[in-house]
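Spelled out, the chains give:
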Amino acid sequence: MQQDIRGSGRPIMGSAAGATGPLQLWGGVECTINRLADRYVDQIVLSGHDRRSDDIDRLATLGITALRYPLLWESCAQAPDPQAWWAWHDARLERLCALGIRPILGLVHHGSGPPATNLLSPGFVTGLAEHARQAVQRYPWAEDWTPVNEPLTTARFSALYGHWYPHLQNEQAFWNALLTQVEAIRAAMVQVRQVNAGARLIQTEDLGTTTATPERQVQADFDNQRRWASWDMLVGLLVPGHPLWDRLAGMGFSDRLQALARQRCAPDILGINHYLTSDRHLDHRLDMYPPHTHGDSGAGPIADVAAVQISHESAGMEGALRACWDRYRIPMALTEVHNGCTREEQLRWLVEAWSMAGRLQAEGIGIHALTAWSLLGSHDWDSLLTRSDGHYESGVFDVRSHPPRETALAPALRHLANGGLPDHPTLRHAGWWKGHALIGHTDVGAAAGGMVAATRPLLIAGFTGTLGQAFAGACRLRGIDHVITRRDQLDITDPASIGRILDELNPWAVVNAAGWVRVDDAERDPAACMAANHAGALALADGCALRGIHYTAFSSDLVFDGLLERPYVESNATAPLSIYGRSKAAMDAALSSCGQRALVIRTASFFSPFDQHNFAVHLISALRSGERFRAAADCWTSPTYVPDLVRTTLDLIIDDEAGLWHVVNDGAVTWTDFAMQIADAAGHDGRLVLPTPMRDMGWSAPRPRYAAMTSERGVLMPKLTGAIERFAADLG
């Protein structure tokens with residue numbers, strides 16, 4: 001585009017050239033304050049950042065040079081003590097500066113302003129301008145500002161789709177909301193630049209491309225024009241002759257558009273936020289897609305789905321950057337790089353984005369920085385913040401631990417900051433959006449001619465067990481090279497067998513899913529149980545320690561005596577009642593004191609639709625046949641959904657986590673209550689469940705009356721109620 005798009009006489013940095021200098025690493029904390037009816041939801045409060053004074057120092061260890069940081073209008077306006085609110089920010093911004101990190105100050109992040117205003121009110125413009133005036137007078141040295149984050153996305157969700165306040169669903173309201181935010185951006189920057197003439201506008205937007213079937217191409221073409229609207233307004237391009245002009249002028253917006261064109265406020269940096277869901281595909285064939293994707297485009301029914309789920313050939317992040325550079329020739333930054341997925345997929349997305357940005361920079365495309373987003377994770381974005389389900393996506397840190405726990409993304413960022421690339425073994429394969437599910441794996445139990453692994457695999461001991469097979473299945477889905485062994489290939493009670501396979505495969509981590517699992521039989525053969533669960537587990541751990549290999553073992557709730565009568569945590573003393581419990585308690589104690597890279601997962605009461613040998617499946621089988629089913633009414637436990645357990649454990653392994661963790665679904669129930677909840681979720685008659693005293697269950701081994709667990713290190717698993725619902729859906 002050849003038109004001069006410089007705003008108000010301010011030169012655009014590098015407007016005719018690409019980026020100079022190395023790619024910068026920025027960071028950001030998810031800080032949305034969005035309004036649902038009369039309720040405000042604050043991500044800073046949900047993450048606990050408002051209560052932790054040491055977070056800034058924690059983030060500084062990552063090597064970032066700038067931090068997108070909130071100075072949010074709604075939070076300030078509703079603070080009980082405004083002076084204390086400003087003082088809170090004074091301390092954190094002062095600390096950022098002392099650590100050499102440049103703040104990028106955000107004033108509204110998916111918000112609609114304080115209660116007295118909204119996105120369609122002129123008061124939004126004047127109010128934000130006043131907040132900007134107060135902010136810049138307090139921080140006149142601040143160089144970088146984002147007055148409103150993603151105005152087009154916010155307008156869509158608030159005024160076109162009705163998700164957020166003011167919950168409208170018409171196109172005229174959408175354009176009004178967008179114009180109001182753009183006017184507020186300009187008014188805020190006027191106030192900022194009256195104090196700091198050199199202040200830069202870093203304007204963010206979610207940028208993707210829409211494709212469609214021929215029957216819905218008109219809508220796709222419109223969406224691909226609309227995606228530029230906020231930036232086009234700021235740089236003065238949305239004037240007569242623009243593809244959207246007649247539509248907006250017909251709605252009565254011509255005067256406001258012309259005023260913006262006369263008083264341009266072109267961004268100094270365009271902040272591109274691109275997610276795996278940013279590219280969309282529109283299809284008229286509704287029967288091919290689930291009901292929640294269905295809608296109406298105005299030209300007929302439509303299914304709106306993430307394009308990457310349809311084809312691995314979507315434009316993607318690189319396509320968004322190239323299109324933006326071709327249109328504006330304004331310097332760019334990736335201002336939100338985050339993938340709410342499993343840990344290795346988060347790593348793959350980060351490294352792919354960094355490598356791609358560096359490649360484009362080398363071509364002369366003006367990409368200056370990459371922002372690791374959601375450093376403290378985010379809450380409930382899976383429902384677009386429309387529900388408060390407590391669904392947490394961890395980021396570079398996991399705030400469910402106290403203090404926040406580093407994930408594998410933290411050392412990866414340090415590698416990038418130091419000019420290198422992470423070398424985690426899971427990075428050998430591309431992310432799922434590149435089709436890694438097609439890449440092969442090795443199951444030793446099914447392989448002919450011995451054990452073959454193309455790279456350092458994850459070694460899983462326990463081919464015949466529920467847990468071993470669940471880990472192998474998860475690795476296949478997640479594109480993690482793995483080897484799973486039978487006992488004749490790895491005997492954990494034989495140090496020579498352990499040494500041979502570890503030397504042959506050179507795994508990066510070992511998961512011990514083998515061992516004795518028959519609780520009642522252990523009473524009749526205690527020596528065999530202790531040999532497998534204690535001596536064998538330690539022998540495998542020692543072999544891993546000798547070679548610097550991460551090791552994971554599994555313990556049990558049966559290490560407790562049940563006298564506590566509140567959920568047990570990791571620091572509670574063990575006092576097992578059974579032989580099986582003693583074997584696990586002995587293993588726990590030995591591994592906890594060895595000081596090596598050993599992760600001990602204490603868990604309980606497996607249930608899964610993918611295994612026929614568990615309480616829940618046996619229950620459903622009986623209920624389907626109309627049979628009565630006995631369940632202990634006076635024995636409490638914390639049932640654990642195996643898919644959740646495996647996902648969480650794999651993430652901890654990738655994070656190189658060690659020590660003892662309680663990993664169970666969040667909840668405590670009797671076996672009778674558990675059975676009743678499963679019956680209800682699966683649509684069966686719960687009256688067939690027969691509450692039974694423990695003494696009448698026919699168990700040989702003594703059980704603790706109360707063995708529910710939780711974690712003092714961080715509750716990492718979803719709630720039990722949701723796990724039961726997913727079990728019923730997967731089984732049904």
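Everything below is about the structure shown above.
This report concerns the structure included in the present document.

Cut-offs applied
- Residues numbered from 1 in each chain as written.
- Predicted model: local features only at pLDDT ≥ 70, side-chain atom pairs only at ≥ 80, totals over all residues.
- Heavy atoms only, no water.
- Helix = DSSP H or I, 4+ residues; strand = E, 2+ residues; numbered from the N terminus.
- Polar contact = N/O pair within 3.5 Å; in protein donor to acceptor, adjacent residues only side chain to side chain.
- Contact = heavy atoms within 4.5 Å.
- Expected span 1.5 Å × (residues − 1).
- Buried < 20%, exposed > 50% of the residue type's maximum accessible area, 1.4 Å probe, protein only.
- Axes fitted to C-alpha atoms, helices over the stretch in contact; angles between N-to-C directions.
- Parallel < 35°, antiparallel > 145°, perpendicular 65-115°, else oblique.
- Left-handed = near helix turned anticlockwise from the far one by under 90°.
- Nonpolar A, V, L, I, M, F, W, Y, C, P; charged D, E, K, R; others polar.
- Salt bridge = Lys/Arg side-chain N within 4 Å of Asp/Glu carboxyl O.
- Pairing = 2+ DSSP bridges.
- Core = buried A, V, L, I, M, F, W, Y, C linked by side-chain atoms within 4.5 Å.
- Lys, Arg positive; Asp, Glu negative; His and termini not counted.
- Disulfide = S-S within 2.5 Å.

### What about the side chain of R405?
- One can find R405 in strand 18 (residues 405–406).
- Only 3.0 Å separates the side chain of R405 from the side chain of D655, close enough to count as a polar contact.
- Beyond its immediate stretch of four places on either side in the chain, R405 contacts R343, V396, F397, D398, L652, D655, E657 and W661.

### Some remarks on helix 5 (residues 122–138)
- Here helix 5 is 17 residues long and its end C-alpha atoms lie 25 Å apart, about the 24 Å a rise of 1.5 Å per residue gives.
- For helix 5, the full list of buried residues reads F124, V125, G127, L128, A129, H131, A132, A135 and V136.
- Those residues of helix 5 that are buried are in contact with helix 3 (73–77), helix 4 (82–98), strand 5 (102–109), strand 6 (144–149) and helix 7 (171–195).

### Observations concerning unusual backbone geometry
- Of note, the amide linkage connecting Y165 to P166 takes the cis form, showing an omega dihedral of 10 degrees.
- Going from H402 to P403, the amide bond is cis rather than trans, its omega being 0 degrees.
- Position of P403 among the secondary structure elements: in the loop between strand 17 (397–398) and strand 18.
- Even without being glycine, R329 reaches a positive phi, approximately 55 degrees.
- Tracing the backbone shows R329 in the loop between helix 12 (316–328) and strand 13 (332–337).
- The class for R329 is partly exposed, based on a relative accessible area of 35%.

### A look at the environment of G732
- Within the secondary structure layout, G732 lies in the segment after helix 23 (720–731).
- Relative accessible area serves as the criterion here: at 88%, G732 is assigned to the exposed category.
- Remark: the alpha-carbon pair of G732 and L107, spanning 625 residues in sequence, is separated by 48 Å.

### Remarks on the packing of helix 7 against helix 11 (residues 254–262)
- Interaxial distance between helix 7 and helix 11 falls to 11 Å at its minimum, and their mutual angle equals 25 degrees. Taken together, helix 7 and helix 11 sit at an angle that is classed as roughly parallel. Handedness of the helix 7/helix 11 crossing: left-handed. Within the contact between the two elements, helix 7 uses N176, L179, T180, V182, E183 and R186 and helix 11 uses R256, L257 and L260.
- Taken together, the residues of the contact of helix 7 with helix 11 sort by class into 4 nonpolar, 2 polar and 3 charged.

### Looking at the pattern of salt bridges
- Under the defined criterion, the tally for this structure stands at 47 salt bridges.
- One salt bridge connects R726 with D644, and the closest N-O pair in it is separated by 2.8 Å. Taken as a pair, R726 in helix 23 and D644 in helix 21 (residues 642–654) lie far apart in primary sequence, 82 residues in all.
- For R726, a relative accessible area of 31% corresponds to the partly exposed category.
- When salt bridges with common partners are traced through the structure, they connect R343, D398, R400, R405, D655, E657 and R713 into a single cluster.

### Considering the sheet that holds strand 21 (residues 509–512)
- Strand order in the open sheet made by the 6 strands is 20-19-21-22-23-28, with parallel pairing throughout. Each edge of the sheet is formed by a strand with only one pairing partner; in this case those strands are strand 20 (482–485) and strand 28 (659–662). The mean inter-strand angle of the sheet, taken between neighbouring strand axes irrespective of direction, is 20 degrees.
- In terms of strand pairing, strand 19 (residues 458–461) meets strand 21 through 4 bridges, oriented parallel.

### A few points about the packing of helix 22 (residues 671–682) against helix 23
- Contact geometry for helix 22 and helix 23: axes closest at 9 Å, N-to-C directions at 50 degrees. Accordingly, the angle class assigned to the pair helix 22 and helix 23 is oblique. The chirality of how helix 22 crosses helix 23 is right-handed. Touching F674, Q677, I678, A681 and A682 of helix 22 are L720, T721, I724, F727 and A728, all from helix 23.
- Classifying every residue of the contact of helix 22 with helix 23 gives 8 nonpolar, 2 polar and no charged.

### Overview of the sheet that holds strand 4 (residues 66–70)
- Strand order around the closed barrel formed by 8 strands is 1-4-5-6-7-9-13-14, with parallel pairing between neighbours. Averaged over all neighbouring strand pairs, the angle between strand axes comes to 25 degrees, with direction disregarded.
- In terms of strand pairing, strand 7 (residues 200–206) meets strand 9 (residues 269–273) through 5 bridges, oriented parallel. Across the sheet, residue D206 finds its bridge partner in strand 9, namely N273.

### What about the environment of G252?
- Among the structural elements, G252 can be located in the loop between helix 10 (245–249) and helix 11.
- Assessed through its relative accessible area of 54%, G252 is described here as exposed.

### Overview of the nonpolar core
- By size, the foremost hydrophobic cluster in this structure holds 143 residues, and its most contacted members are W145, W175, M233, I272, L334 and L375.
- At 13 residues, the largest contribution of residues to this core is made by helix 7.
- Not counting residues within four places of it along the chain, the set of residues in contact with L334 comprises I272, M317, L321, A353, M356, A357, I367, A369, L370 and T371.
- Membership of the second largest hydrophobic core comes to 27 residues, among which are A616, L619, A632 and Y641.

### Examining the side chain of D380
- Relative to the elements of secondary structure, D380 occurs in the loop between strand 15 (378–379) and strand 16 (392–393).
- Here D380 is buried and forms no salt bridge, its nearest opposite-charge partner R387 lying at an N-O distance of 6.8 Å.
- Excluding its chain neighbours within four sequence positions, the residues that come into contact with D380 are L385, R387, S388, D389, G390 and H391.

### Focus: the state of the cysteines
- Evaluated as defined, the whole model comprises 0 disulfides.
- Not engaged in a disulfide, the cysteine C31 finds its nearest cysteine sulfur in C76; these two sulfurs lie 15 Å apart.
- Here C31 falls in the buried class, since its relative accessible area comes to 5%.
- Free of any disulfide, C475 has its nearest neighbouring cysteine sulfur in C341, separated by 14 Å.

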